[in-house]
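# Reading the structure
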Amino acid sequence: LVYISYAEPEGDKAGTAVARGRLNGNSLENLQVIFRQQPKTKGYNHFGSRLVFAPDGNLFITLGERFDHAAQAQKLDNHLGKLIRIRPDGSVPADNPFVGKQGALPEIWSYGHRNMQGAAIHPKTGALWTHEHGPKGGDEINIPQAGKNYGWPEASYGSHYTSEPIPDEHSARGFEEPIYHWTPSIAPSGMAFYDNNNYTAWNGTLLVGDMVPGELVRLTLDGDKVIKEERLLKDLDSRIRDVMVGKDGSIYLLIDADEGQLLRMKPQ
């Protein structure tokens, strides 16, 4: 089965949807929509969306708050600015944190997110890590926990595009602190853990693509803490949209451009 996410139109509105189908040659057969973000809204920004299967077989879907609807990220009666957890067929796991709670959608795993553009499962712990765009600064990495609130738009380490400040207190106001953040913004997109014995010096590090200025960021970890950051491919000058690690230890970078490229590199 192949799972895809896409912006699904409805009149002059749209929302992120997820479908699955069976690959037969170059065709997808029996395509079935298993999730639709509600409500659909006007606008062209902040759809999310990354799809990641957890070790237990459940599917995580990252969703943006659709830019002009930031306040909805704090409300549990919609999907905007939420992390979703469903079964592969679209049904809701019984142990989701908001199952049976009045006024809350049961497929929500965590909330208070802005626009999550990276998601990956830690190869050792099995935990989901995500990153999301902040506004003017405040891009952040989180390890989303069930039922937790990550603060947007009430808390951020960035400011509004008008330069109006946003309180950066998270835990003191009942929100979860990010484990790492960038100010100024790097516009992170794509994320992968490096876990390959061909290049052991890189094992356990976290790779993040960035679109501004366009580099590969390598983060050295100590447990759940980032202890070192390295900027690579500084001369690339291209927006990196996705990052993946191949079985042979190669790193694949998807370039976002009019004449996009798929690049392959190896650690040294």
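The structure reproduced in this document is the subject of the present report. What you see is a predicted model; the values in this text were computed from it and never measured.

### Focus: the environment of Gln-74
Looking at where Gln-74 falls in the secondary structure, it is placed in the loop between β5 (59–62) and β6 (82–86). Taking C-alpha positions, Gln-74 is 7.2 Å from Trp-152, a pair spaced 78 residues apart along the chain. Setting aside residues up to four positions removed in sequence, Gln-74 forms contacts with Tyr-111, Gly-112, Asn-149, Gly-151, Trp-152, Pro-153, Glu-154 and Phe-175. Side-chain polar atoms of Gln-74 contact the backbone oxygen of Trp-152, separated by 2.9 Å.

### Quick word on a nonpolar patch on the surface
Side chains of Ile-4, Leu-23, Leu-28 and Leu-31 sit close together on the surface and give an oily, nonpolar patch of about 340 Å² of accessible area. Within the element layout of this structure, Ile-4 appears in strand β1 (residues 2–10). Taking the relative accessible area as the measure of exposure, Ile-4 reaches 31% and is therefore partly exposed.

### Thoughts on the sheet that holds strand β13 (residues 206–210)
Reading across the sheet, the four strands line up as β12-β13-β14-β15 and stay open at both edges, with antiparallel pairing between neighbours. The sheet is open, and its two edges are formed by β12 (188–193) and β15 (225–232), each paired on a single side. Direction aside, the axes of adjacent strands within the sheet are offset by 25° on average. As paired elements, β13 and strand β14 (residues 215–222) share five bridges and run antiparallel to each other. Counterpart to Gly-209 in the pairing with β14 is Leu-216.

### Some thoughts on the pattern of salt bridges
Applying the stated criterion across every chain, the model contains 14 salt bridges. Of the charged contacts in the structure, one is a salt bridge between Glu-229 and Arg-231, with a shortest N-O distance of 2.4 Å. Residue class for Glu-229 comes out partly exposed when judged on its relative accessible area of 27%. The structure contains a network of salt bridges with shared partners spanning Glu-8, Arg-36 and Lys-40.

### Brief notes about the packing of aromatic side chains
Counted under the stated rule, the structure contains seven aromatic pairs. Between the aromatic rings of Phe-98 and Tyr-111, the centroid separation amounts to 6.0 Å while the plane-to-plane angle is 70°, which identifies the pairing as edge-to-face. Separated by 13 residues along the polypeptide, Phe-98 in the loop between β6 and β7 (108–111) and Tyr-111 in strand β7 bring together distant segments of the chain. With respect to class, Phe-98 is no different from Tyr-111; both count as buried.

### Thoughts on the pairing of β1
A regular strand places its side chains so that they alternate between the two faces of the sheet. Pairing of β1 with strand β2 (residues 13–24) involves nine bridges; the strand directions are antiparallel. Within β2, the position partnered with Ile-4 by the bridge is Ala-19.

### What to know about unusual backbone geometry
Going from Trp-152 to Pro-153, the amide bond is cis rather than trans, its omega being 0°. Following the sequence through the fold, Pro-153 ends up in the loop between β10 (139–142) and β11 (180–182). Cis peptide bonds are those with omega within 30 degrees of zero, and the linkage from Val-212 to Pro-213 qualifies with 10°. For Pro-213, the position within the fold is in the loop between β13 and β14. One non-glycine residue, Asn-30, lies in the positive phi region at around 55°. Within the secondary structure, Asn-30 sits in strand β3 (residues 27–36).

Conventions adopted
Residues take numbers from 1 onward in each chain, read along the sequence in its written order. Residues qualify for local features only when their pLDDT is at least 70, as the model is predicted, and side-chain atom pairs are given and counted only at 80 or more; totals for whole chains, interfaces and linings, by contrast, use all residues. With hydrogens and water stripped out, all remaining heavy atoms of the structure feed into the side-chain values. The secondary structure listing takes helices from DSSP runs of H or I that are at least 4 residues long and strands from runs of E that are at least 2 residues long, numbered from the N terminus. By definition, residues are in contact when any of their heavy atoms lie within 4.5 Å. Polar contacts, as counted here, are pairs of nitrogen or oxygen atoms within 3.5 Å of one another; within protein the pair requires one atom able to donate a hydrogen and one able to accept it, and residues that are adjacent in sequence qualify only if both atoms are side-chain atoms. Like charges are joined within 9 Å and nonpolar side chains (Val, Leu, Ile, Met, Phe, Trp, Tyr) within 5 Å, but only among residues with over 30% relative accessible area and no salt bridge; these make up the patches. All accessible areas in this document rest on Shrake-Rupley with a 1.4 Å probe, and a residue is counted as covered only by the protein chains that are shown. Put simply, a salt bridge is a Lys or Arg side-chain nitrogen that is within 4 Å of an Asp or Glu carboxyl oxygen. Partly exposed describes any residue whose relative accessible area lies between the buried limit of under 20% and the exposed limit of over 50%, with all areas from a 1.4 Å probe on protein chains only and scaled to the type maximum. DSSP-based pairing: two strands are paired if at least 2 bridges between them are found. Geometry is summarised by axes, namely lines fitted to C-alpha atoms with helices restricted to the contacting stretch, and by angles between N-to-C directions that run from 0 to 180 degrees. Two aromatic rings from Phe, Tyr or Trp, using only the six-membered ring of Trp, form a pair when their centres are within 6.5 Å; if the ring planes differ by under 30 degrees the pair is stacked, by over 60 it is edge-to-face, and anything between is tilted.

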